[in-house]
Structure formats: C-alpha cells, structure tokens
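Now for the letters of each chain:
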Amino acid sequence: MTATTSADQVLTAELRSRIDHWLAKFPDTPEGRQSTVIPALHAVQDANGGYLERRHVEAVADYIGMARATAFEVATFYSMFDLDHPVGRHKVNICTNICCWLNGAEDLVRYAEEKLGVGLGETTGDGRVTLVREEECLAACTGAPMMIVDGHYHTNLTRERIDEILDALQ
Amino acid sequence: MSEQETVTIEVDGRAVEAVKGEMVIAATDRAGIHIPRFCYHKHLPIAANCRMCLVDVEKAPKPMPACATAVADGMKITTDSQRAIAAQRGVMEFLLINHPLDCPICDQGGECELQDLALGFGRGVSRFTEGKRSVEDEDLGPLVATEMTRCIHCTRCVRFLDTVAGKKELGGMFRGERTEIKTYVGEGIRSELSGNVIDLCPVGALTNKPFRFRARSWEMLSFPAVSPHDGVGSNMELHTLRDRIMRVVPRENEAINQTWLADRDRYGIEGLYSEDRLERPMIKEGGQWREVPWEIALRRAAESLRGVASHFGPEALGALLAPTATLEELYLAGQLVRGLGSGNVDHRLREGDTSDQAEAPPFPYMGQRIEELADKDAVLLVGAYTRHEQPMINHRLRQATNSGAAVMTLNPRRFEWNFEPVLEHAVAPGRMVAELAAVACALAKGGKGKGADLPDGVEALAAKSETAQRIAERLKVAERPAVLAGNMAAGHPEAATLRALGTLVAELAGGPFGVLAEAANTAGGWLAGAVPHRLAGGAEAPLSGLSAREMVERGLRGYLLLNVEPEADLWNPAAARQALSNADSVVAITVYAGDALKESADVLLPMGGFGETAGTFVNSEGRWQSFRGVTSPLGEARPGWKILRALGTVLELEGFELDNAEEVYRIVAAACEGVAPGSRYPFHKGAASAGSASGGTELAGAVPIYSGDPLVRRSQPLQHAAIAGQAEAVAAAETAGRIGATDGGMVRLEAEGGAVELPLRIDEAIPADTIWVPAALRERVDLGPPFGRLTVTAV
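Nothing here was measured: the structure is a model prediction, and the numbers come from that model. (Residues numbered from 1 in each chain as written. Chains lettered and ligands numbered in written order. Predicted model: local features only at pLDDT ≥ 70, side-chain atom pairs only at ≥ 80, totals over all residues. Heavy atoms only, no water.)

A. Structural context of the overall build of chain A. Regarding its fold elements, chain A presents nine helices and four strands. Listed by position from the N terminus, the elements making up chain A come as α-α-α-α-α-α-β-α-α-β-β-β-α. Once the C-alpha set of chain A is aligned to its principal axes, its extents read approximately 55 × 35 × 25 Å. Split into buried and exposed, the 170 residues of chain A put 46% on the buried side. Partitioning the intrachain contacts of chain A with sequence separation of at least 6 by distance along the chain shows that 61% fall at a separation of at least 24. Of the charged side chains in chain A, 15 are positive and 26 negative, and the gap between their average positions amounts to 4 Å. (Helix = DSSP H or I, 4+ residues; strand = E, 2+ residues; numbered from the N terminus. Buried < 20%, exposed > 50% of the residue type's maximum accessible area, 1.4 Å probe, protein only. Contact = heavy atoms within 4.5 Å. Lys, Arg positive; Asp, Glu negative; His and termini not counted. Charge placed at Lys NZ, Arg CZ, Asp CG, Glu CD.)

And the structure:
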C-alpha cells in the first residue's frame, strides 16, 4: 500500500543530479520543489529523444514530491512537451499568435504542412521533422512571423526562408 | 461570527453584515441573496474560473467575481443591475457553447445547476454555429460515472480531491478549449470520499454510477436519515421512488459530516435489495428450509428459545446483537433474553478483550466532539486506521494536519494516509501494549506538571523504545493533544490494557482520551443494555452474563442472532461457526439469509433493512439521532423492534406491551437521563501483556472498509471499488524471505482456529515477523481472530 516510487528506476543518476541542480535554486517547500517540474521535464525529455513517456512524468513527480496529476497537467499544458508519442529528430514550432498571424503565419503553416506532407502535431514518415501542434506566442513579435527549430529562433520568415531552413535539417 | 471584526456592505440596496476579509459571495449567501455560481463552494478553495458570479461593484471599472472579491466597509454591490446581468448572460453563453443539449438523457436533468441557471440567464437560441467539442470518457471506477463532454471545467472535483480528500487524483489536462478533467493515467479514483464529486459537479459530467438511469430527481421523495455504518452517524437523505430507496445524498450537518458523505455511507444502500434478502419467515425442518406464516415462525422461535432455557438452563442461551441495530431493537433484544433468565447479551461482536467492562464508562465515547478534532495540534492514534474505519473522523484529522497538527500512529502496520502523519510507529501486535506503556513512562518522566503519577505496574510493561520517546516528546509540547483508540485497538486481544494506557497517556499529555466506535450504534448498544453486565442507562445487571467472545468460544446450546452473520461479524469467526453448528437451536432475526446463516440457523425471521425501520443511533460523540422508516420492509419483513415485541408477547414476557418505537425510545431515554459521557479506563497493576518474547510470527488484521456489516458487504459497487478488501497475506520482504515465500506465491497459514492458503504480497508497511491478513473475509474464516500466533509455510 505504500506508494512505489518509480523515480529510481526511470531517472538516471545524471538526470537526478540535473534535477537536484534545479531543486537547489528554489525554496525547500512543497511549492518551491514543485517549481522544478518544468526544467526537470525538459531534462528528461531531452534525454529521451525529444518526448516524454508517462513513466517519466510519474518519476519526475515522485522525485520532486508533487501530485502526479499536477505533473501531467504541466506536461499536457505546454506545447514544448511532447507526451506519449515519439517525435522526429527536429522539432519545428511556428508561432500563430497575433503578431505572426497578422503577418501571414497561417499561410506559412499551410505552406510548411504541404512541403512536409504532414499536419500540425504530426511527424514526417522518415522521422526527420515534427511539426509541433498549434503554437502560441513565442515572444519574438518584433520579428514576426517567426518559428523555433530545435530551440533556435528564426524571425521574419518567408516561404523561401522556410525552404532554406527546413531543407537544411538532416 | 461574533468575535470577528465585521464590516457592513450594501447589496442591492440592503445592508449586509460581513466578516472582515471574507468574500462577497459568503456574505450574500448568509444573507439569503442569491448570486449564480458554478465553481464556488464554501468548503473548497476559491478558483474564480467560471465567472458566473460576476456582480457590479460601485466604482469598479468592470464586473467583479463575487467569489473572489473581498468585502470592504461601505462597499456597494448590485447583483441585478444591467451591467451585472449582461455579464452573467455573457458568461452563460460561453459556458453553453460546448455544452451538449442532451438534458433528456442526462442523469443530472432536473437537479442541474447549469440547467437552472440557463433558464434564468441563457438565451433561447444559440448564436454558436461552429462544431461542439466532444471528450472521450475515462473509467473512474464503479462509483462515479463520467460524461466529460458535459464538463464546464469548474474544477470543483479537482479541488475536492486535492484539498479535502487529500490526493489530487484528477487534474485539468491540456489547455484552453481542449481542457479535459481526468486522471490521465486511467487508474480510476481511490479516495474513500470519491462520491462527493457527484454532488459537487454542477452539471452531468460526474454522476452516481449505480444510480444511473434509475429515476428522475423530480419523481423521488426525500427523507432524512442517519448512516448505518460507522460510529460517526453521518446525516443523509434517502431518495425513494415507488417504495424503494433509489439513492443516498448527504444532508448538511456542520457538526458531523459537513456537506460530505463517505462512499460507504452513499453506496452501502446498493446492498439493500440483494438476492439473498429474506422476505418471508422460514423454518428448518429435517434439514429443509420452508416458508411459513409469521405466527408459525414466531411460535417456533419462542419454543426454541424457551426450550433451550428450560432444558439446559437459561445460561445456555445467548444473544448476539448487531451493533448496527437500532437503540430500540438492542434494548428489546436485551429485555427478551433477560426475561428468559439469561444474562448473555452482547453487541460488542468484534471486541477481543472486554475485561475492563465493569469499570468502563457508560458508553464508548470519543472524548470530544467531532468538530473539535480539527483544532487538535497533536493526536496519537492507537490501533486506528481512521481513513477506512471512520472516514469523516479522518477528514477532521486531515483538517487538523492542514493547520500543522502532528498525527502519530501506533498500529500493527503502516497505512496509506491522505495526510502526512509525522510518525507511524508500526509494531507487531503483541508489542503494542509495551510501546504504549513506554509512551506513558516517557511522558511521566518528562513531567509536564499535570501532577499525574504513574500507577504501579506501567513501568514493568514498558518497552525500551526510542520511537515511543519521540511520540511522548511531541505530545508533551502539544497544547491541544488527544489520544484516540480505533477499531484495531478494540479488536486487539489486550484491548483493555490499551484503553487503560491510552487513558493514562492522554491524562499525562493533558488532553482527552477517546474511543472511536466501530459501528453506527456501538455506543447505543451500551446505553440500551446490550452488554452482559449492564441494563439500559448503565444500571448494573442483576445477573451478569457472557461477552460475545465468551458466548462463541464456550459454545452455548441456543442463540438469538439479531442481524448477525457469524462468519463475518464476530471476533472469532472459526469459533462462531463451530458454536452455531453445535448449538441445538439458533433463531435469527435477519435482513439477509446468507448461506452461512442458513447452514446454522433453525428459524429465520425477516427484519426490515436500512431505511425500513424507525429507530435511533447514538454516535461516538454520544449524539442521539432518531429517524423514521421511509419505505415498507421488503415482502413480509417487519421492523426488528416489532419482531422482538411479537416474540416477547408470544413468550409471555413482561414489558412488551408497546404501541410504537417511540415508546421504546422513551424507556431507554428515561433510563439514560443523567448519564454523563466519559472515556476514563483505569489502569490496574498486573494488566496482562502477551509480549512477543517467543519470537514467533504474529497474525494481524483489520476489517476492510467495505466489509463491516451485512449491508455494505452486499453492495456490489463498493465490493468492486479499488480499496475493497482482498483475501491475501501481506508481509515485509524479510519475513517472506524467512518463510521462503515469494511475492504472488501461495502461503499456508496455520492459527489456533485452523489453516488457510492465501496469496502472499510483499509490502514493507508490515512490521517484521508479522503477517497481515484482512479480517471479516470469507476466505480467512478458519484463521479465527484477527490477531494471534501463526505458523506460515510457503506452498
């Protein structure tokens, strides 16, 4: 009846030390520890080929000492976490929020979808690119329309720039 | 409210008194001014996410949510101005965008907050032409039905499970329009309070699963009732249709269950109309059961009882009475047996040690009011898993821990709590006395200045224990401590010593000692004279008889059973089965005719079940709560008190000329006048301690949450719940290793009563050299009592 903790089996020593690094930055209270969940999930996601499995979220919650349901709320809320489904080698997030939208983001999304042959939230058959589901403001409105590819910002996009950037992805 | 600072606000031109700092909606609710709302609930944290309660506040630039706007002196609020109404209508339109129009097939129809408010604030025709959202349902288990497309994301269920039930089992997954309330992992809800999310859900997203499509809310009649399960006496309403009970909902009582109900109280009713319900009197002739008219059955029952008394002497006759029977039934049953000349009357069916009965207080009293528990700052639980034993008591302890209280336990194992106990002291059952004595010694040594000296003999019992020392230290610094003994303590073979030491520890710590009653009328049974040594009101019985344990272990020639199932309700089920099959005559007044009962009884008299009988329960606080019968007893069944009255009349006993149940109530109430509750169990030198010096393996067990009485055992939804008891042997890895058993493998357990084979599960919550086997389950009857010595072998 005691809760079995999956943390030790799922999280490697290196991951645990990276989470500890973040834990040290916040107050050692339940709320403070809970603040670690986003960087912790990022660390685990990066170590797992870009996506999270349920056991990872559970392990992180158990390790930090927070409700598993809350960790799942976080993992499902943010578009930068991919839960349950493996992703491609590269992640492309095209912003569709107001500034980008006014500057033609919708057209660019459609163009990228046609070019890659997949819809938002899908991965190309060769496992090269995942077009991340509907993306909201990524805080680069001055360079709208913009996108993030594997964590790197690309601003003032045009169809040609998209060709250039996506074609360069291996 | 009188001691708090108050301010005056003006609502719709009316002056309203409010407590400084409280939210507008709390003040208007108290003043009877209605503000529409979905997410607000007075016992839940504020979320302010539905926006239905928007009101107009003077000088505020926009409408404000009444649930999240604190009152201020002189604040002027309008709930029905054009701006307020426009805001509420706007919110309603958004809420209805994605809500399906399936009210005709929705169980919530007719009692739906969304439906009601849509009538007041909704538009007749929707302007929304886009596609509506639909959501896949998750199976939350056998108790709560889901239809999540109807969800409006008020998050009351999420907040309830998190802050009241203590474990956030549901969450708001995804975001925006795609938000879904779910567990995500699909493992269902394990909370013992899960049914409350049904009442909280303002729409038909979460509904009562067993009740589904059974009736419409407007067809049913509602009657007040009191829960027949644990010693809390939760208040509830029974909803009936065509003379059948359809469902149970909570009835608010801040002093007892607030607005909540435990699942056991809500779904126990599902066992009422089970297939083995006895509808007609039956007698056994030549080994065959035959239905007979009441007169014949009563005459046969009277002859049996009289026959035993005259052939073998009245002391060969005994009555075992269910602690869930009413005060009136328990009183009459006691009178009946005493009228036949026997003193063998008892309702303490699962108690292992009643040697302190002569000096015991008038009834097992929890030493304080239920409400007061929430204010404690340190509580020691002895032999108690309140979360499953008395969920609403546990709820108050959880509230106490929220304010920083230290809850500590001394139990034969660790448990899954819904709060963090600061300390769980899990020891083999044979060591509990020694550990509790050690707590007493440590307290006495520290000297809190309460002037209570340690009685002779306590030190001799005490173990050398650092953990006990720590418990004592925590109790010592507490300002409002309490010590509570639970059901496991009552079932312990040294229960009397535990109670005496508990009293001592509480006295030394300067707080009350309390005994938590196991059943709805455990306390009432004492007051009604359903104990062998006392009459109604606590007067000494002229002839003192045997306790339930003695009646079973010694074996009598005749038994009268009042709604008792020998294999599940008694402390030593193996001995009970033996005693009843050896008896010459067994008369059972019973709601159900289970197989075990049919095997051993000679006469079965059908008794009205829960909701079918008027009566009274006395809870752990000593609170008397009377209720009426709300449906007719099934078939030819009759209320228990009427059966006992008829039997008394046929036996030509005195005092059975009674017109109604109230008359019985008045007799008991008159006898109890001036009875003061108490919870002091004096300590005497020479109190026994079995100890565990011999180093053998010990058996420990408690009654699982849904196995306590005949009604709840027949509730199929509860039996299928994740937390229902399972027949298994549980041990720590080291203990299992010593036996040579593996996780999931079968083990053979041999105790005094006999032997059983059960699957073994490894769990470090069990102390060393102890095997945990849940009690009251059919599969473990042969093991006998819940505690004892045991030999284990791997199969």
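B. Structural detail: the overall build of chain B. A tally of helices and strands in chain B yields 25 helices and 32 strands. Radius of gyration (C-alpha) of chain B: 28 Å, near the 28 Å computed for a compact globule of 795 residues. Out of the 795 residues belonging to chain B, those deemed buried represent 62%. Within chain B, contacts between residues at least 6 apart in sequence are counted, and of these 73% link residues at least 24 apart. For chain B, the exposed area adds up to about 30100 Å²; of that, 48% sits on carbon and sulfur atoms. (Rg over C-alpha atoms; globule rule 2.2 N^0.38 Å. Areas by Shrake-Rupley, 256 points an atom, 1.4 Å probe, with all protein chains shown as cover.)

C. Seen up close, the interface of chain B and chain A. Taken residue by residue, the interface counts 18 residues in chain B and 17 residues in chain A. Here chain B packs against chain A, burying approximately 1600 Å² in sum over the two surfaces, 51% of which is carbon and sulfur. Summed over the three residues of chain B that lose the most area to chain A, namely Lys168, Arg175 and Tyr184 of chain B, the buried surface amounts to 41% of that side. The salt bridge involving Lys168 of chain B is made with Glu73 of chain A; its shortest N-O contact spans 2.7 Å. Across the chain B-chain A interface, the total number found is six residue pairs in polar contact (both at pLDDT 80 or more). With three residues, strand β7 (residues 171–173) of chain B is the single largest residue contributor to the side of chain B that touches chain A. (Buried area = accessible area lost by both parts, 1.4 Å probe. Salt bridge = Lys/Arg side-chain N within 4 Å of Asp/Glu carboxyl O. Polar contact = N/O pair within 3.5 Å; in protein donor to acceptor, adjacent residues only side chain to side chain.)

D. Seen up close, the packing of helix α4 (residues 156–164) of chain B against helix α10 (residues 391–402) of chain B. Residues and elements named next belong to chain B. For the pair α4 and α10, the least separation of the axes is 10 Å and the interaxial angle reads 80°. In terms of axis orientation, α4 runs roughly perpendicular to α10. Residue-level inspection shows Asp162, Thr163 and Val164 of α4 in contact with α10, the latter providing His395, Arg398 and Asn402. Looking at side-chain class alone, the contact of α4 with α10 contains one nonpolar, three polar and two charged residues. (Axes fitted to C-alpha atoms, helices over the stretch in contact; angles between N-to-C directions. Parallel < 35°, antiparallel > 145°, perpendicular 65-115°, else oblique. Nonpolar A, V, L, I, M, F, W, Y, C, P; charged D, E, K, R; others polar.)

E. Molecular detail of the environment of Thr326 of chain B. Tracing the sequence through the fold places Thr326 of chain B in the loop between β15 (317–321) and α8 (327–339). For Thr326 of chain B, the residues in contact, after removing those within four places along its chain, are Asn521, Ala614, Gly615, Thr616, Phe617 and Phe627 of chain B.

F. Focus on the sheet that holds strand β13 (residues 282–285) of chain B. Residues and elements named next belong to chain B. As summarised here, the arrangement of the seven strands in space is β14-β13-β24-β23-β22-β15-β16, forming an open sheet in which the pairing is mixed. The open sheet has two edge strands with one neighbour each: β14 (288–291) and β16 (345–346). Bridge analysis of β13 against β14 gives four bridges, and the strand direction is antiparallel. Along β14, the bridge assignment pairs Glu285 with Gln288. (Pairing = 2+ DSSP bridges.)

G. Structural view of the nonpolar core. All names here are of chain B. Counting residues in each nonpolar core, the largest one holds 105 residues, and the members touching the most others are Leu380, Leu475, Leu501, Val505, Ile589, Leu605 and Leu647. Tallying contributions element by element places helix α11 (residues 432–446) first for this core, with 10 residues. Ala255, Ala262, Val730 and Ile766 belong to the second-largest nonpolar core, a separate cluster that totals 75 residues. (Core = buried A, V, L, I, M, F, W, Y, C linked by side-chain atoms within 4.5 Å.)

H. How the structure looks around the packing of aromatic side chains. What the rule picks out here adds up to 14 aromatic pairs over all chains. Pairing Phe77 of chain A with Tyr78 of chain A gives two aromatic rings, centres 5.0 Å apart and planes at 70°, and the pair type is edge-to-face. Under the relative-accessibility criterion, Phe77 of chain A is labelled partly exposed at 35%. Centre to centre, the rings of Phe415 of chain B and Trp417 of chain B are 6.5 Å apart; their planes meet at 85°, and the pair counts as edge-to-face. Taken together, the ring pairs in this structure connect Tyr385, Phe415, Trp417, Phe419 and Trp772 of chain B into an aromatic cluster. The positively charged end of Arg247 of chain B is found above the aromatic ring belonging to Phe211 of chain B, 4.6 Å away from the centroid. Lying across the ring of Tyr592 of chain B, Arg714 of chain B places its NZ or CZ 4.1 Å from the centre. (Phe/Tyr/Trp six-rings, centres within 6.5 Å; stacked < 30°, edge-to-face > 60°. Lys NZ or Arg CZ within 6 Å of the ring centre and 35° of its normal.)

I. Geometry of empty space enclosed by the protein. Residue and element names in this part refer to chain B. Evaluated as defined, the whole model comprises eight cavities of 30 Å³ or more. Along the wall of the second largest cavity there are 20 residues; nearest its centre are Pro228, Thr324, Asn563, Gly609 and Phe610. Across the lining of the second largest cavity, the residue classes break down as 10 nonpolar, eight polar and two charged. (1 Å grid on protein atoms, 1.4 Å probe; cavity = no way out; pocket = protein on both sides within 12 Å on 5 of 7 lines; lining within 4 Å. Points joined across faces, edges and corners; volume = space filled by probe spheres on them.)

J. Structural context of the sheet that holds strand β1 (residues 90–94) of chain A. Residue and element names in this part refer to chain A. Pairing in this open sheet of four strands is mixed, and the strands run β2-β1-β3-β4 from one edge to the other. Two strands bound the open sheet, and with one partner strand each, they are β2 (129–131) and β4 (152–154). Each strand axis lies, on average, 25° off the axis of its neighbour in the sheet, ignoring direction. In this structure, β1 lies alongside strand β3 (residues 147–149), joined through three bridges in antiparallel fashion. Residue pairing in the sheet places Ile94 in a bridge with Met147 of β3. Across the sheet, helix α8 (residues 105–116) touches β1 and β2, and the angle it forms with β2 is around 145°.

K. Quick look at helix α6 (residues 68–77) of chain A. The buried count for α6 of chain A comes to eight of 10 residues, which makes it a mostly enclosed element. Against α3 (30–34), α4 (37–47) and α5 (54–64) of chain A together with β7 of chain B lie the buried residues of α6 of chain A.

L. Here's a closer look at the environment of Leu647 of chain B. Residue and element names in this part refer to chain B. Within the secondary structure, Leu647 is located in helix α21 (residues 640–650). Its relative accessible area of 0% is what places Leu647 among the buried residues. When the C-alpha atoms of Leu647 and Ala302 are compared, they prove to be 6.4 Å apart, with 345 residues separating the residues in sequence. Sequence-distant contacts of Leu647, that is, excluding residues within four places in its chain, are made with Leu298, Ala301, Ala302, Leu305, Leu336 and Ile589.

M. Representation of the confidence of the model for chain B in the model. Overall, the predicted model of chain B reaches an average pLDDT of 94, with 98% of residues at or above 70. Scoring of the predicted complex yields 0.94 for pTM and 0.89 for ipTM. (pLDDT = per-residue confidence, 0-100.)

N. Highlighting a nonpolar patch on the surface. A contiguous nonpolar patch, built from Ile98, Trp101 and Leu102 of chain A and spanning about 350 Å² of accessible area, is present on the exposed surface. Structurally, Leu102 of chain A is set in helix α7 (residues 98–102). (Patch = residues over 30% accessible without salt bridge, like charges linked within 9 Å, V, L, I, M, F, W, Y side chains within 5 Å.)

O. How the structure looks around unusual backbone geometry. Ala144 of chain A connects to Pro145 of chain A through a cis peptide bond whose omega is -5°. Turning to its location among the elements, Pro145 of chain A is positioned in the loop between β2 and β3. One non-glycine residue, Lys59 of chain B, lies in positive phi territory at about 75°. Along the chain, Lys59 of chain B falls in the loop between β3 (54–57) and β4 (64–65). Phi is positive for Asp243 of chain B, close to 65°, though the residue is something other than glycine. You can see Asp243 of chain B is positioned in the loop between β11 (235–241) and β12 (244–250).

P. Looking closely at the pairing of β3 of chain B. All names here are of chain B. Residue alternation in β3 divides its side chains into two sets, Leu54 and Asp56 and Val55 and Val57, and both sets are buried. Pairing analysis gives two bridges linking β3 to β4, with the strands arranged antiparallel. Within β4, the position partnered with Leu54 by the bridge is Pro65. Connecting β3 to the next strand, β4, in antiparallel fashion are six residues, including Lys59 with a positive phi near 75°. Where β3 and strand β5 (residues 76–78) come together, two bridges link them in antiparallel fashion. Paired with Asp56 across the two strands is Thr78, which belongs to β5.

Q. A look at the side chain of His90 of chain A. Position of His90 of chain A among the secondary structure elements: in strand β1. With a relative accessible area of 14%, His90 of chain A lands in the buried category.

R. Quick peek at the side chain of Asp602 of chain B. Residues and elements named next belong to chain B. The topology assignment puts Asp602 in the loop between α20 (595–600) and β24 (603–606). Of the side chains bearing the opposite charge, Lys284 lies closest to the buried Asp602, which forms no salt bridge; the N-O distance is 4.9 Å. Of the polar contacts made by the side chain of Asp602, one reaches the backbone nitrogen of Val586; its length is 2.6 Å. Setting aside anything within four residues of it in sequence, one finds Asp602 in contact with Met282, Ile283, Lys284, Trp289, Arg300, Asp584, Ser585 and Val586.

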